[in-house]
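The chain contents come next:
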Amino acid sequence: MFERLKQGIRVAAVALPIAVGGMSVAEADGLKIAMILPGPISDNDWNSVGYNGLQAAAKALGAEVAYSENVTDADAERILRDYASRGYGLVFAHSFSFGDAALNVAEDFPDTVFMAGTAKELAPNLGTYSNPDYQGAYLAGMLGAGASKSKTIGWVGGMPAPNMLANLHAYEAGAKEMVPDAKVLHTFIGSWFDPPKAKEAAIAQVEQGADVLSAQGVGVIDAAIAKNVFALGAMTDQNHLGPKVVLTSVLWDLGPLVTAVGKAVEDKSWKSENWAYGIAEGSVKLADFHGLDANVPPEVLKAVQAKFDAIKSGAFTVPLDTSNAE
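Scoring rules and cut-offs
Residues numbered from 1 in each chain as written. Predicted model: local features only at pLDDT ≥ 70, side-chain atom pairs only at ≥ 80, totals over all residues. Heavy atoms only, no water. Pairing = 2+ DSSP bridges. Helix = DSSP H or I, 4+ residues; strand = E, 2+ residues; numbered from the N terminus. Axes fitted to C-alpha atoms, helices over the stretch in contact; angles between N-to-C directions. Salt bridge = Lys/Arg side-chain N within 4 Å of Asp/Glu carboxyl O. Buried < 20%, exposed > 50% of the residue type's maximum accessible area, 1.4 Å probe, protein only. Phe/Tyr/Trp six-rings, centres within 6.5 Å; stacked < 30°, edge-to-face > 60°. Lys NZ or Arg CZ within 6 Å of the ring centre and 35° of its normal. UniProt positions renumbered as here; feature names shortened; annotations may be inferred. Lys, Arg positive; Asp, Glu negative; His and termini not counted. Polar contact = N/O pair within 3.5 Å; in protein donor to acceptor, adjacent residues only side chain to side chain. Contact = heavy atoms within 4.5 Å. Expected span 1.5 Å × (residues − 1).

It is worth spelling out the sheet that holds strand β5 (residues 126–130) at this point. The strands making up a sheet associate through backbone hydrogen bonding, with each pair oriented either parallel or antiparallel. In spatial order, the strands read β2-β1-β3-β4-β5-β11; together these six strands make up an open sheet with parallel pairing. Each edge of the sheet is formed by a strand with only one pairing partner; in this case those strands are β2 (64–68) and β11 (274–276). This sheet shows a mean twist of 20° between the axes of neighbouring strands, independent of strand direction.

Written out as structure tokens, the structure reads:
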């Protein structure tokens, strides 16, 4: 669904970040936007979403952009500081775990605007943005339970960060709405990017009866293929990773948010707050079924569409539950 830009240089976490002309529309005296990401931009997941959002903003705003991928928590502050020192007026720290680093750097660069993914603490020049994909997770739960023949579905995620907990609980709630006696298995693998471990956890859920899996981490779809069960993708349209098993995916388009934040920085209307673009803003939606909707009962598809419309109109609000999972 998203265009993959192959030009430019992927900047490793151990290297100094570089602004690459082939990646952006260079405007030396205009807005410069940078982003650091915890994993590879080719993951078709969280990091791809961040990268694609950055590129969309570059195109919309004519801004110069740069990024660093595979950034560890230990390196985050150093790389954020480097971008700020080189005149990037807007810097995104695209990870739940980069909040403290962003806060430390923001204090030393009051004229730079920082945005940290789901930050616990803000500052006058540090805002946050949430990923309301839990709204889509509710729909995924409805779909999963409705398509399941065993009434047991699975969910595999990274770590129990607030956003992931919200996703899990919404998935469970959607499943229970569609099939009250549905059983939802869940596993946190303790890492944001460990495909073998995610695959292993997903296979374990299939062996416990799950026949539909929510792929909240890279590796889950591989398990679905291996065990011939259905999967629900996340972040990007992941059907190409498993054309016969990925029913649909919960999409998160970060482009509108990055663009809006960039515009606000440019016109000096930016405020330190939580920016959240979900279903109502057109940033969270379901991907095409690629013909696999034939495996879902028509009444389930109808109910899911009705719920999507209700969320979009404001008639229904998906509960935001970030409590610890049992």
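Taken in spatial order, the six strands of this open sheet run β7-β6-β8-β9-β10-β12, and their pairing is mixed. The two strands at the open ends of the sheet, each matched to only one other strand, are β7 (183–188) and β12 (284–286). The mean inter-strand angle of the sheet, taken between neighbouring strand axes irrespective of direction, is 15°. Bridge count between strand β9 (residues 230–235) and strand β10 (residues 246–252): five bridges; the pairing is parallel. Counterpart to Leu 232 in the pairing with β10 is Thr 248.

The subject of this paragraph is the pattern of salt bridges. By the definition in use, this model includes seven salt bridges. Between Asp 82 and Arg 86 there is a salt bridge, with the nearest N and O atoms lying 2.8 Å from each other. In this structure Asp 82 comes out as buried when scored by relative accessible area, which is 16%. Salt bridges linked by common partners bring Glu 77, Arg 81 and Asp 108 together as one network.

Although it is not a glycine, Asn 70 sits at a positive phi angle of roughly 55°. You can see Asn 70 is positioned in the loop between β2 and α2 (73–85). Taking relative accessible area as the criterion, Asn 70 reaches 37% and is therefore assigned partly exposed. Its identity is not glycine, yet Lys 268 carries a phi of approximately 65°, on the positive side.

Aromatic ring pairs are defined here through the distance separating the ring centres and the angle between the ring planes. By the definition in use, this model includes eight aromatic pairs. When the centroid spacing of 5.2 Å and the interplanar angle of 75° are considered together, the rings of Tyr 51 and Tyr 67 count as edge-to-face. On the criterion of sequence distance, the pair formed by Tyr 51 in helix α1 (residues 46–61) and Tyr 67 in strand β2 is long-range, its members being 16 residues apart. Of the two residues, Tyr 51 and Tyr 67, both sit in the buried class. For the pair Phe 96 and Trp 192, a centre-to-centre distance of 5.1 Å together with 40° between the ring planes defines the contact as tilted. Remark: Trp 192 occurs in the loop between β7 and α6 (195–207) and Phe 96 occurs in the loop between β3 (90–93) and α3 (99–108); sequence separation between them is 96 residues. The exposure class assigned to Phe 96 is buried, which follows from its relative accessible area of 15%. A relative accessible area of 31% places Trp 192 in the partly exposed class. The positively charged end of Lys 32 is found above the aromatic ring belonging to Tyr 88, 4.4 Å away from the centroid. Residue placement shows Lys 307 over the ring face of Phe 316; its charged tip is 4.0 Å from the ring centre.

A word on the UniProt feature "domain: ABC transporter substrate-binding protein PnrA-like" (unreviewed entry) in the protein. As annotated by UniProt and renumbered to match this structure, "domain: ABC transporter substrate-binding protein PnrA-like" (unreviewed entry) occupies residues 32–293. Secondary structure across residues 32–293 comprises 39% helix and 23% strand; the distance between its end C-alpha atoms is 43 Å.

Moving on to the side chain of Asp 133. Positionally, Asp 133 belongs in the loop between β5 and α4 (134–147). An unpaired buried charge is present at Asp 133: no salt bridge exists, and Lys 285, the closest side chain of opposite charge, is 15 Å distant. At 3.1 Å, the side chain of Asp 133 forms a polar contact with the side chain of Asn 167. When neighbours within four sequence positions are excluded, Asp 133 is seen to be in contact with Asn 163, Asn 167, Gln 216, Met 235, Val 250 and Val 284.

Along any regular strand the residues' side chains alternate between the sheet's two faces. Most of β5 sits inside the fold, with five of its five residues counted as buried. Side chains Leu 126, Thr 128 and Ser 130 project from β5 onto one buried face, and the interleaved Gly 127 and Tyr 129 project onto a second face that is buried too. Here four bridges tie strand β4 (residues 113–117) to β5, and the two strands are oriented parallel to one another. Each residue of the ladder has a partner; that of Gly 117, found in β5, is Tyr 129. Across three bridges, the pairing between β5 and β11 is parallel.

For helix α8 (residues 255–266), which comprises twelve residues, the first-to-last C-alpha distance of 16 Å matches the rise-based estimate of 16 Å (1.5 Å per residue) to within 8%. Burial within α8 is extensive, with nine of its twelve residues counted as buried. For α8, the full list of buried residues reads Gly 255, Leu 257, Val 258, Thr 259, Ala 260, Val 261, Gly 262, Ala 264 and Val 265. On its buried face, α8 sits against β1 (32–36), α1, β3, β4, β5 and β11. Of the residues one or two after α8, Lys 268 is the one with positive phi, at around 65°.

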